[in-house]
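Remarks on the overall topology
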Amino acid sequence: METTDAFVGLDCVSCGDRFDADVATHRCPECGGILDPAYDYDSLELWRDELESRRFDSQWRYEELLPFTRSAAVSMDEGATPLVPCPDLADELGVGQVYLKDEGRNPTGTFKDRGQSVAVTAAVQHDASDVALASAGNAGQAAAAYAARADLDSHVFLPARAGFTNKAMVNVHGGDMTVVGGRISEAGAAYEDAMADEENAHWYSLQTFQTPYRHEGKKTMYYEIVEQLDWEVPDAVVYPTGGGVGLIGMYKAATEFRDLDLTDGIPGFYAAQAEGCAPIVTAFDDGRDEHEPWEHPDTICGGIEIPNPGASPWILEALRESDGGAVATSDSDILDAAITVAQNEGLEMGATCAAAASGAWELSQRGEFGEDDTIVLMNTGTGNKDDDVLRSHLMGKGI
Ligand SMILES: *Cc1c(COP(=O)(O)O)cnc(C)c1O
Ligand SMILES: [Zn+2]
């Protein structure tokens, strides 16, 4: 395998054992826990000026902190997205600075590209011919795109409620698509059935926290943010949270940069969810270490309608250890926030993503932020995937 020098294997977050990445491909062979790429950080010589001297062209500019070499990467130059100042929002929230990390500028329009780039690279390194996953929509579209680039066959299970763009583009990329009635849990069950079929024993899973590599790709969002802020650590990062892949990735990245002496400290990480599906917020507020499955998920924000986020202990650890928090707002407030940002800053936030903006408003009203704080909102996907939802909301207000 074409791995990087400091990458030493996969650590199980449950039992702590380390496995060779040649052998272990998905969950822990001993206990079934989530595997997390591990590095020999002491062997790394990474300085600020070295990183600054590199072109800001792709997430793979942080190659040393990724498992695979840039030359082996299945990449479309994902990442290297802008961090756009939002002065009107900063005034509105009563803080020093607000920035929007605009992940809508990725190849398939969301930050899912970062994770799928690394996960599909792993599939190629393991000589897979087929990749498979269930997804709310964006991860499936990204998987179909990266599989196409790597000449792999993709099998994508989507719930009927997935957005039109997602379904259309899985087709356009040549993916084998199964649309399942219901929501993400039903799509997940259909995927499990297909994976259990002997005929499909060769399918390589790209499922959230089955592959160890999706959070690993998403961690590069944080590296970019601090470099774009001239190595200042922001006070808060607000993230629209479903399965928490991006949040966990960024938390890992923040501890890595701190431990490598590239930054001082870590930001507060905040999970923003929709009131109609907020298992993480509820667990955080109740002081629990693990979520309870949300019984009747119901939100317009499909990307974060994840009723049973398996990595919740890790998400909750990230929120608490970083002195961050969790916040849930209503669909109506979330869509209002997307429209306010579009009308005042010009930036297009997806419906799901606007949970971060709406959550930040609520947090500022609770007095969570200081007047000089720097707040980063993660715009995890482009607004135009949800143009119909945003416009209907506007029209529903008689505008
Ligand atoms: C998948 C997705 C999320 C949630 O990501 P997790 O890592 O599962 O928490 C947020 N926003 C958008 C646009 C998404 O596609
Ligand atoms: Zn284990």
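Values in this document were obtained by computation on a predicted structure and should not be read as measured data.

Rules behind the numbers
- Residues numbered from 1 in each chain as written.
- Chains lettered and ligands numbered in written order.
- Predicted model: local features only at pLDDT ≥ 70, side-chain atom pairs only at ≥ 80, totals over all residues.
- Heavy atoms only, no water.
- Core = buried A, V, L, I, M, F, W, Y, C linked by side-chain atoms within 4.5 Å.
- Buried < 20%, exposed > 50% of the residue type's maximum accessible area, 1.4 Å probe, protein only.
- Helix = DSSP H or I, 4+ residues; strand = E, 2+ residues; numbered from the N terminus.
- Contact = heavy atoms within 4.5 Å.
- Axes fitted to C-alpha atoms, helices over the stretch in contact; angles between N-to-C directions.
- Parallel < 35°, antiparallel > 145°, perpendicular 65-115°, else oblique.
- Nonpolar A, V, L, I, M, F, W, Y, C, P; charged D, E, K, R; others polar.
- Salt bridge = Lys/Arg side-chain N within 4 Å of Asp/Glu carboxyl O.
- Near = heavy atom within 4 Å.
- Polar contact = N/O pair within 3.5 Å; in protein donor to acceptor, adjacent residues only side chain to side chain.
- Areas by Shrake-Rupley, 256 points an atom, 1.4 Å probe, with all protein chains shown as cover.

1. Thoughts on the nonpolar core
Counting 85 residues, the largest nonpolar core has Tyr213, Phe257, Phe269 and Leu319 as the members making the most contacts within it. In terms of residue count, helix 9 (residues 245-259) provides more of this core than any other element does, eight residues in total. Not counting residues within four places of it along the chain, the set of residues in contact with Leu319 comprises Leu247, Phe269, Tyr270, Ala271, Ile280, Phe284, Gly324, Gly325 and Ala326.

2. Some points on the packing of helix 12 (residues 331-344) against helix 14 (residues 387-396)
To describe two helices that pack against each other, one gives the angle between their axes and the distance between the axes. The geometry of helix 12 relative to helix 14 is characterised by a closest axis approach of 10 Å and an angle of 100° between their N-to-C directions. As far as their axial angle goes, helix 14 and helix 12 are roughly perpendicular. Of the residues in helix 14, those in contact with Ser332, Leu335, Asp336, Ala338, Ile339 and Gln343 of helix 12 are Val389, Leu390, His393 and Leu394. When its residues are assigned to classes, the contact of helix 12 with helix 14 shows six nonpolar, three polar and one charged.

3. Considering the pattern of salt bridges
For the coordinates displayed, the defined rule picks out 22 salt bridges. One salt bridge connects Glu216 with Lys219, and the closest N-O pair in it is separated by 2.6 Å. A single burial state applies to Glu216 and to Lys219, both of which are buried. Ionic pairing is found between Lys252 and Glu216, a salt bridge with its closest N-O pair at 2.7 Å. Of this pair, Lys252 sits in helix 9 while Glu216 sits in helix 7 (residues 214-218), and the two are 36 residues apart along the sequence. Classification of Lys252 as buried rests on a relative accessible area of 9%. Overall, the relative accessible area of 0% leaves Glu216 in the buried class.

4. Digging into the site of ligand 1
By nearness alone, 17 residues border ligand 1, and Lys112, Tyr239, Gly242, Gly244 and Thr380 come closest of all. Contacts to ligand 1 include Gly242, whose backbone N or O atom sits 2.8 Å from an oxygen atom. Contact distances for ligand 1 include 2.8 Å between an oxygen atom and a backbone N or O atom of Gly243. Within the complex, 94% of the 380 Å² of free accessible area of ligand 1 lies under protein. When residues of the shell around ligand 1 are traced back to their parent elements, those giving at least two are strand 10 (236-240) and helix 9. Within the shell around ligand 1, the residues separate by chemical class into six nonpolar, nine polar and two charged.

Note that every value here comes from positions in space, so none of it alone points to a role or purpose.
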